[in-house]
Structures are given as C-alpha cells and as structure tokens.
Amino acid sequence: MVNTVLCPICLHEFEWSEDELFERTSAGEYRALDLADETGPRRADLLRAAHVRCPASAGQATEHHLPHAYVRHGQPLVIGLVGGPQTGKTHLLAAMIWAIERNGLSSYGLTASAVDIERHQNYLDTYVHPLMIDRKALSRTPQQDLAEFADALLISDGEHTTAVAFFDIAGESLRSTTAEATRFLPAVGGLLFVVDPSEDPNTVGDRSFGAVLDRLPRSGGRLEVPAAVVVTKCDMLRLQSPVDEWLYASGDGLDPAAILAESRDVYAFLHKRKAQPWLSPYDKCRRCTLHFASATGGAAASDGRFLREVRPRRVLEPLAALLAMTNVMSGGQEVGI
Ligand SMILES: Nc1nc2c(ncn2[C@@H]2O[C@H](COP(=O)(O)OP(=O)(O)OP(=O)(O)O)[C@@H](O)[C@H]2O)c(=O)[nH]1
Ligand SMILES: [Mg+2]
Ligand SMILES: [Zn+2]
C-alpha cells in the first residue's frame, strides 16, 4: 500500500511506508526502527511512538520527522491560528487544548487523543498547566525559521479518525509574505482568525488576515478553506449586549442555527466598529463562522499572573464549527455562511 502525506512543515508531499520508520531516543534524536519481525500487540505498541522521516529534509539541519499516528489516518487536517501580535492566539489555543483534555468535545460526539504522547505532554507542561494551574500569562511566541505544529490530536467521531495539527506562530511572522515560518500556510485545511476587540481596527486593521488570505489557493474567487473568526478577550466587553449573552450561553452539541445567530451578531458587532479587515475572512472564504470567546476570563496583572482562576469561555465552539466545516465531525453540512 502506498501512503502519501503532505508534510505540514515544508510542504513536500511524500510517500511513506511502515518499512522505514524511526524512533526518538531519550536524547531527542531519531534512529531507524525495524519492525520487520514484530507482530501483534507489541508491533502496535512500538508503532504508537514511531515516526516517519520527511525525505525532503533528510540529512539536513532542518531534518524533521512526523509521528506515524499523524500520517496513518489519511490526510491530516492542519489548523492555523491567524492574528497580529498579542491578539491572544497562544492563550486561545492553550485554553482549547485544556478544554479538550477535560473531554469538552464529547458533547459533539467526538473523542480526542494525543498524536505523539510525549509532545502532547510537553505542550501541556509548557502552556496549558502554567496557564490553567499556575495562573501564569504565557509568553509571546518567538519568531522562528521553521514552524512546527504546537500540538496535534487524533479526533474521532466514532466512524473516522483524523489527525489534527495546530500551528501557532508569531503574529509578526504572519504579516510577512516571505517568512519561512509561514511555509505551512498552503497546507492549512482550516483557519482560526483571532480578533482582539480592544485594538483599534483602523490603526491595526489586522494585516495578518490579508497577508494570509492572499497566500491561499482559490477556486472561482472564493477560498475553499473554511474559517472561524474568533473575537477573543470578550471578558473585556462584559455587560455589552449581545457579547455577554453569547459568552455565558451554554451550548450543547452542534447547533447550526445557534452558530448562524452568533455569527450574525459578531458580524454586526465588527461591522459597527468599521472593522472591515477583520471581516475579510467572511468575505473571502466560502464557509465562515464568527464567534465570541474569552481564553482566560480576565486580564493578567502587571506581574504576569492572573489574580483569579483562569476560566476560558466558549473556546471550543469555534473549533467545533471548524471541525464540522472540514467534515472531521459528521453532520456539519449546514454550518458556515
Ligand atoms: N483579558 C484577556 N486577555 C487575554 C486573553 N487572551 C490573551 N490575553 C492577553 O493578551 C496578551 C497576548 O496574548 P498571546 O496569546 O500571547 O497573544 P499572541 O497572539 O499569541 O501573540 P504573539 O505570540 O506575539 O503573536 C497577553 O498579555 C495575554 O495575557 C483573554 O481572553 N482575555
Ligand atoms: Mg503567540
Ligand atoms: Zn517536510
């Protein structure tokens, strides 16, 4: 059987096979893993930690490997977070992964597990636990030469399992059309556009949105890649109707009518602020939803700590809409306007 996969790191499409696998040593290096004589549960167990090597990078300083669990379920879904510097991308992703860890996708009939147990644990230790347990604000994402996914999960709706990888790169890099770190963009299958409502849309006019949208392949004018626009930091808009109503609404499962109603309210909210650049994903993508959310439930104090418990609100709704629009979750045909 020939398996092909698009490398999300360098965009090389390659064939892989279980005859050429690698394992990661405790020193973080990769060495050949021979499973020729392994069968049954032992083979399955060894495969859990196995990797394939992207041949485009073999022998180079940028050599990279992809987990076997990432490539084995067919074409993975790459989700990119897009937004200018300090719009709240990193906190939003950490809050999403935290909510998923707490089984938050079960109300959508979905289960999730780690693609690479070690890397997922590393993501939890570096981002999720400091934020959620120690109440520490997370650092800004450094600009890097080559982007790797922040975390990846296997998401299953009971019938199909899809590997979903999340890319969270620095806002500055996203604005650039040449940054190496944005190389993954043509591989994205879903976009999460992050809006910081405390920014002045006229001065900021998020250039990252336009820069990213212009890079994606389009057919017939509109972009095929589905998008969810998330107005995050809504804790700062408390008492503003209809933000408050949505922030404290309790969702239960996928509800296309509610997603449409919320999308209209967010559209009106952004339109009233003359925030046209923020609405560009809606104009340019064939399917788009819009959401209010808060990653933290409040602002951090000047010492970088949150005074009160960190309480994400509505962080999984945008992701669920995206999973519906990308068919990771079945029954999502009506989602997106
Ligand atoms: N009030 C409030 N503040 C938030 C929220 N999410 C993030 N912040 C604050 O916004 C700032 C930027 O958050 P980040 O998540 O680092 O932003 P980013 O988009 O990843 O920024 P870059 O990595 O520089 O591109 C931090 O000071 C956070 O504490 C939120 O939901 N509410
Ligand atoms: Mg960041
Ligand atoms: Zn590659």
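Residues numbered from 1 in each chain as written. Chains lettered and ligands numbered in written order. Predicted model: local features only at pLDDT ≥ 70, side-chain atom pairs only at ≥ 80, totals over all residues. Heavy atoms only, no water.

### A look at the domain arrangement of the protein chain
It is common to give the size of an interface as the accessible area lost on bringing the parts into contact.
Then, number 1: For the protein chain, the assigned domains read domain 1 (3-71) and domain 2 (77-325).
Then, number 2: In this structure, domain 1 and domain 2 have C-alpha centres spaced 29 Å apart.
Then, number 3: The interface of domain 1 with domain 2 comprises 14 residues on the first partner and 18 residues on the second.
Then, number 4: Buried area between domain 1 and domain 2, both sides added, is near 1300 Å², and the carbon and sulfur share of it is 67%.
Then, number 5: Linking domain 1 with domain 2 are 2 salt bridges, by the criterion used here.
Then, number 6: As a salt-bridge pair, Glu118 and Arg24 come within 3.5 Å of each other at their nearest N and O atoms.
Then, number 7: At the boundary of domain 1 and domain 2, one finds 2 residue pairs in polar contact (both at pLDDT 80 or more).
Then, number 8: If you list the elements that add at least two residues to the side of domain 1 that touches domain 2, you get β6 (65-67) and α2 (68-71).
Then, number 9: Looking at side-chain class alone, the side of domain 1 that touches domain 2 contains 9 nonpolar, 3 polar and 2 charged residues. (Domains from an automatic or database assignment. Contact = heavy atoms within 4.5 Å. Buried area = accessible area lost by both parts, 1.4 Å probe. Salt bridge = Lys/Arg side-chain N within 4 Å of Asp/Glu carboxyl O. Polar contact = N/O pair within 3.5 Å; in protein donor to acceptor, adjacent residues only side chain to side chain. Helix = DSSP H or I, 4+ residues; strand = E, 2+ residues; numbered from the N terminus. Nonpolar A, V, L, I, M, F, W, Y, C, P; charged D, E, K, R; others polar.)

### Remarks on the coordination of the magnesium ion (ligand 2)
Then, number 1: Within the protein, the atoms that donate to the magnesium ion (ligand 2) are Thr90 (OG1) and Thr141 (OG1), at distances of 2.0 Å. Here Thr90 is found in helix α3 (residues 89-101), whereas its partner Thr141 is found in the loop between α4 (117-132) and β9 (151-156), with 51 residues between them in sequence.
Then, number 2: For Thr90, a relative accessible area of 7% corresponds to the buried category. (Donors = N, O, S within 2.8 Å, 3.2 Å for Na, K, Ca; no water. Buried < 20%, exposed > 50% of the residue type's maximum accessible area, 1.4 Å probe, protein only.)

### Looking at the site of ligand 1
Then, number 1: Of all residues adjacent to ligand 1, which total 22 residues, the nearest are Lys89, Thr90, His91, Gly171 and Asp235.
Then, number 2: Contacts to ligand 1 include Gln86, whose backbone N or O atom sits 2.9 Å from an oxygen atom.
Then, number 3: When ligand 1 is considered free in solution it has 660 Å² of accessible area, and contact with the protein chains removes 91% of it.
Then, number 4: With 3 residues, α3 is the single largest residue contributor to the shell around ligand 1. (Near = heavy atom within 4 Å. Areas by Shrake-Rupley, 256 points an atom, 1.4 Å probe, with all protein chains shown as cover.)

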